[in-house]
Amino acid sequence: AQSVTQLGSHVSVSEGALVLLRCNYSSSVPPYLFWYVQYPNQGLQLLLKYTSAATLVKGINGFEAEFKKSETSFHLTKPSAHMSDAAEYFCAVRATGNQFYFGTGTSLTVIP
Amino acid sequence: GAGVSQSPSNKVTEKGKDVELRCDPISGHTALYWYRQRLGQGLEFLIYFQGNSAPDKSGLPSDRFSAERTGESVSTLTIQRTQQEDSAVYLCASSHGTSGGAIDTQYFGPGTRLTVL
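Attention in this report is confined to the structure presented alongside it.

Describing the sheet that holds strand S6 (residues 65–69) of chain B
Think of a sheet as strands paired side by side through backbone hydrogen bonds, with each pair either parallel or antiparallel.
Residues and elements named next belong to chain B.
Then step 1. If you walk across this open sheet you meet the 4 strands as S1-S3-S7-S6, and the pairing is antiparallel. At either end of the open sheet lies a strand with only one pairing partner, and these are strand S1 (5–7) and S6. The sheet shows a mean angle of 15 degrees between the axes of neighbouring strands, direction not considered.
Then step 2. Sheet topology places strand S3 (residues 19–24) next to strand S7 (residues 75–79); 5 bridges connect them, and they run antiparallel. Bridging across to S7, cysteine 23 finds its partner in serine 75.

Here is the structure:
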């Protein structure tokens with residue numbers, strides 16, 4: 001069975017500080033992992049995806065995520081938060097049959 | 001080109017009524033997904049269409065829920081005899097479609113917010 005756990009439903013960081021959003025997964029097969037962002041009143045957008053190539057994946061807007069098999073993690077980071085990063089972030093894992101399982105989301109607040 | 005569109009953006013209905021939600025995928029995308037997002041929760045998979053194959057309906061929560069798709073175009077999600085627990089945002093996504101296990105990227109619509117009174 002596949003599932004995703006996002007630790008921390010709300011994260012607040014100061015502008016310019018490191019952003020770390022946590023995602024742990026369980027998968028009975030080699031996982032394909034995704035991070036999506038949802039800005040207020042907008043649809044979900046793909047930030048980045050891991051497809052078994054490089055373990056460090058770079059996405060849009062300066063975000064990156066590292067796949068760590070030993071920790072079953074795929075945490076999302078950004079070195080320096082910007083006010084425009086305030087949004088809801090979702091981690092997802094692709095299961096067999098092309099189903100996707102999403103985490104419950106983490107709301108990021110950036111404090112000026 | 002245009003992204004995934006959904007209509008209506010908001011729908012308020014009375015308990016027991018039927019509702020239809022529409023999704024227009026990106027042109028040329030063979031795969032289409034429906035998800036439900038309840039307040040404060042993650043996305044819940046409902047149904048998946050891939051080309052002319054039989055849809056994967058394993059996520060539909062009850063027989064009150066059904067969805068159709070004509071070819072590789074518009075899809076309609078129908079909820080019959082709505083209940084208050086059906087209140088949620090219903091999201092549609094489309095993708096190019098996969099073969100041989102290739103990884104596909106989903107593009108999401110803005111969603112339809114359904115409120116059942």
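There is more to say after this.
So, the packing of aromatic side chains
Residue and element names in this part refer to chain B.
Then step 1. One pass over the full model with this rule turns up 15 aromatic pairs over all chains.
Then step 2. Aromatic pair tyrosine 35 and phenylalanine 108: ring centres 5.7 Å apart, planes at 35 degrees, arrangement tilted. Taken together, the positions of tyrosine 35 in strand S4 (residues 31–37) and phenylalanine 108 in strand S9 (residues 107–108) put the pair 73 residues apart, joining distant regions of the chain.

A short note on the environment of phenylalanine 102 of chain A
Then step 1. Positionally, phenylalanine 102 of chain A belongs in strand S11 (residues 100–102).
Then step 2. We classify phenylalanine 102 of chain A as buried; its relative accessible area is 9%.
Then step 3. Along the primary structure phenylalanine 102 of chain A and leucine 48 of chain A are separated by 54 residues, whereas in three dimensions their C-alpha atoms are 14 Å apart.
Then step 4. With near-sequence residues (within four places) excluded, phenylalanine 102 of chain A lies in contact with Val4, Tyr36, Leu44, Phe90, Cys91 and Ala92 of chain A together with Tyr35, Leu43 and Phe108 of chain B.

Structural notes on the pattern of salt bridges
Residues and elements named next belong to chain B.
Then step 1. Scanning all chains against the criterion turns up 5 salt bridges over all chains.
Then step 2. We note a salt bridge from arginine 64 to aspartate 86, for which the minimum N-O separation is 2.8 Å. Of this pair, arginine 64 sits in the loop between strand S5 (43–50) and S6 while aspartate 86 sits in the loop between S7 and strand S8 (88–95), and the two are 22 residues apart along the sequence. As far as the burial class goes, arginine 64 and aspartate 86 line up, both buried.

Conventions adopted
Every chain is numbered independently, its residues counted from 1 as its sequence is written. To read the labels, note that chains go from A and ligands from 1, taken in the order they are written. The predicted nature of this model means local features are confined to residues of pLDDT at least 70 and side-chain atom pairs, given and counted, to a pLDDT of 80 or more, with totals for whole chains, interfaces and linings taken over all residues. Only hydrogens and water are removed before side-chain values are computed, so all heavy atoms of the structure are retained for them. Pairing between two strands requires that DSSP report at least two bridges joining them. Under the DSSP-based scheme used, a helix requires at least four consecutive residues in state H or I and a strand at least two consecutive residues in state E, with every element numbered from the N terminus. Axis definition: a line fitted to C-alpha atoms, limited for helices to the stretch in contact. Angles are taken between N-to-C directions and run from 0 to 180 degrees. What counts as a ring pair is set by centres within 6.5 Å for rings of Phe, Tyr and Trp (its six-membered ring), and what kind of pair is set by the plane angle: stacked under 30 degrees, edge-to-face over 60, tilted for all other angles. Partly exposed residues are those whose accessible area sits between 20% and 50% of the maximum for their type, while under 20% is buried and over 50% is exposed, using a 1.4 Å probe and protein chains only. A contact between two residues is defined here by any heavy atoms of the two lying within 4.5 Å. Here a salt bridge means any side-chain nitrogen of Lys or Arg lying within 4 Å of a carboxyl oxygen belonging to Asp or Glu.

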